[in-house]
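# Remarks on the overall topology
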Amino acid sequence: MEIFCPTCREGYRIPCMRVPKTSRMVMCNSCGTAWKQFFGAEPNFIASALDQSVETQREVRRPIYSKAVLQVLREEAALEAKLRA
Ligand SMILES: [Zn+2]
């Protein structure tokens, strides 16, 4: 899902696995504003790799892909292997 800094409007995407159920304090990397972000239920957002939120910078060591993305990557790899054969 995406959140936006209330001060400078910088946008941040948060991988769905990292989104808390209710709310939490977040801080803007650009201007340093801290605010309480309410999340709620948002079933449709897609996990994005390598985000810029304070939380993901600290906690995510490698990209998180959704199952759908992994499926696409596998299909691409298979196609590439076929083309090279
Ligand atoms: Zn900001």
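Parameters and conventions
- Residues numbered from 1 in each chain as written.
- Predicted model: local features only at pLDDT ≥ 70, side-chain atom pairs only at ≥ 80, totals over all residues.
- Helix = DSSP H or I, 4+ residues; strand = E, 2+ residues; numbered from the N terminus.
- Buried ≥ 20, exposed ≤ 12 C-beta atoms within 10 Å, placed from the backbone.
- Contact = placed C-beta atoms within 7 Å.
- Pairing = 2+ DSSP bridges.
- pLDDT = per-residue confidence, 0-100.

## Describing the overall build of the chain
Scanning the chain from N- to C-terminus turns up two helices and four strands. Going from the N terminus to the C terminus, the chain shows its helices and strands as β-β-β-β-α-α. In the chain, which comprises 85 residues, the proportion classed as buried is 12%. Contacts spanning at least 24 positions in sequence make up 45% of the contacts within the chain whose residues lie at least 6 apart.

## Describing unusual backbone geometry
Despite not being glycine, arginine 9 has its phi angle at roughly 65°, a positive value. For arginine 9, the position within the fold is in the loop between strand E1 (2-4) and strand E2 (11-13).

## A closer look at the pairing of strand E3 (residues 23-27)
Where burial is concerned, little of E3 is hidden: zero out of the five residues are buried. Sheet topology places E3 next to strand E4 (residues 34-38); five bridges connect them, and they run antiparallel. Looking at E4, one finds that methionine 25 is bridged to lysine 36. The loop that links E3 with its antiparallel partner E4 comprises six residues; one of these, glycine 32, has a positive phi angle of about 85°.

## Here we look at the environment of cysteine 5
By the secondary structure assignment, cysteine 5 is in the loop between E1 and E2. On the neighbour-count criterion, cysteine 5 (20 C-beta atoms within 10 Å) is buried. Considering only alpha carbons, one finds cysteine 5 and alanine 34, 29 residues apart in sequence, at a separation of 8.4 Å. Sequence-distant contacts of cysteine 5, that is, excluding residues within four places in its chain, are made with Glu10, Cys28, Ser30, Cys31 and Thr33.

## Re the confidence of the model for the chain
For the chain, per-residue confidence averages 73 on the pLDDT scale, and residues scoring 70 or more make up 64% of the total. Overall, residues 42-52 carries pLDDT values under 50, and its contacts beyond four positions in sequence, including any with other chains, amount to 24 contacts.

## Overview of the environment of isoleucine 3
Relative to the assigned elements, isoleucine 3 resides in strand E1. Take isoleucine 3: there are 18 C-beta atoms within 10 Å of it, and that puts it in the partly exposed class. Separated by 36 residues in the primary sequence, isoleucine 3 and phenylalanine 39 have C-alpha atoms spaced 8.9 Å apart. Residues within four places of isoleucine 3 in sequence aside, it is in contact with Tyr12, Ile14, Val26 and Gln37.

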